[in-house]
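Given next are the chains, with one letter for each unit.
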Amino acid sequence: PKEDRDLGTAFYDSIFYSVVEKLRDESGRRALLVFSDGEDNSSSHNMMATIEAAQAENVIVYAIRYTETKKNGELTARNRYGISVMERIAKETGGAHIDARTTNPAEYFRQIAEELRTSYELAYYPSNPMKDDSFRKISIRPKQEGLRVRAKTGYFSR
């Protein structure tokens with residue numbers, strides 16, 4: 001019922017605290033699978049703070065989206081915003097945005113597992129050696145046509 005939903009959804013906080021309290025001290029490759037509609041109405045953190053926390057801790061976020069539409073299948077403004085939030089968080093952290101209504105769970109779990117097994121870690125020395133805590137954008141493009149690169153959009157110079 002609608003009364004149950006009025007209690008609020010802390011979507012951003014669920015990611016933020018998972019990253020900074022649970023995954024921060026874990027070693028190895030870290031990924032977070034989030035099942036949601038991307039809508040938030042009660043977090044103490046916003047989308048940018050959430051993205052920054054995941055990027056700073058090198059946590060990949062896979063956004064697995066379940067969006068309830070109106071009876072005629074139309075998306076509301078809240079639906080569209082939730083979709084854009086989940087797409088952005090996944091993109092900015094190097095993860096993927098998956099529409100759970102159109103993708104079989106066995107398929108997206110296989111896809112995520114394959115990506116985590118076959119991903120590579122790249123490193124480079126920046127031309128600007130200053131450690132000023134600023135966010136520096138990066139762009140990675142393959143030389144070979146037909147390859148797809150998914151990476152976080154930058155890093156903090158710390």
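Rules used throughout
Residues numbered from 1 in each chain as written. Predicted model: local features only at pLDDT ≥ 70, side-chain atom pairs only at ≥ 80, totals over all residues. Heavy atoms only, no water. Helix = DSSP H or I, 4+ residues; strand = E, 2+ residues; numbered from the N terminus. Buried < 20%, exposed > 50% of the residue type's maximum accessible area, 1.4 Å probe, protein only. Contact = heavy atoms within 4.5 Å. Areas by Shrake-Rupley, 256 points an atom, 1.4 Å probe, with all protein chains shown as cover. Lys, Arg positive; Asp, Glu negative; His and termini not counted. Charge placed at Lys NZ, Arg CZ, Asp CG, Glu CD. Patch = residues over 30% accessible without salt bridge, like charges linked within 9 Å, V, L, I, M, F, W, Y side chains within 5 Å. Salt bridge = Lys/Arg side-chain N within 4 Å of Asp/Glu carboxyl O. Expected span 1.5 Å × (residues − 1).

Trainee: What's the story with the overall build of the protein chain in this structure? I'm lost.
Mentor: A tally of helices and strands in the protein chain yields 5 helices and 5 strands. Taken over the C-alpha atoms alone, the protein chain extends approximately 55 × 35 × 30 Å along its principal axes. When each of the 158 residues of the protein chain is scored for burial, the buried share is 34%. Restricting the contact set of the protein chain to residue pairs at least 6 apart, pairs at least 24 apart contribute 74%. Put simply, the protein chain shows about 10800 Å² of open surface, and 50% of that area lies on carbon and sulfur atoms. Taking the average place of the 25 positive charges on the side chains of the protein chain and the average place of its 24 negative ones, the gap between the two points comes to 5 Å.

Trainee: Would you take a moment to explain a nonpolar patch on the surface for this structure?
Mentor: Among the surface-exposed residues, Leu33, Phe35, Tyr66 and Phe109 lie close enough to one another that they form a single nonpolar patch of about 360 Å² accessible area. Relative to the helices and strands, phenylalanine 35 is located in strand S1 (residues 30-36).

Trainee: It is not clear to me how helix H4 (residues 77-93) should be interpreted in this structure. Could you clarify?
Mentor: Each α-helix winds once per 3.6 residues, and so residues spaced three or four apart point in a common direction. For H4, spanning 17 residues, the distance from its first C-alpha to its last is 25 Å, which sits close to the expected 24 Å at 1.5 Å a residue. Among the residues of H4, Asn79, Gly82, Ile83, Val85, Met86, Ile89, Ala90, Glu92 and Thr93 are the ones counted as buried. Elements that come into contact with the buried residues of H4 comprise helix H2 (11-23), S1, helix H3 (47-56), strand S2 (59-65) and strand S3 (97-99). Immediately downstream of H4, the backbone of glycine 94 shows phi near 90°, a positive value.

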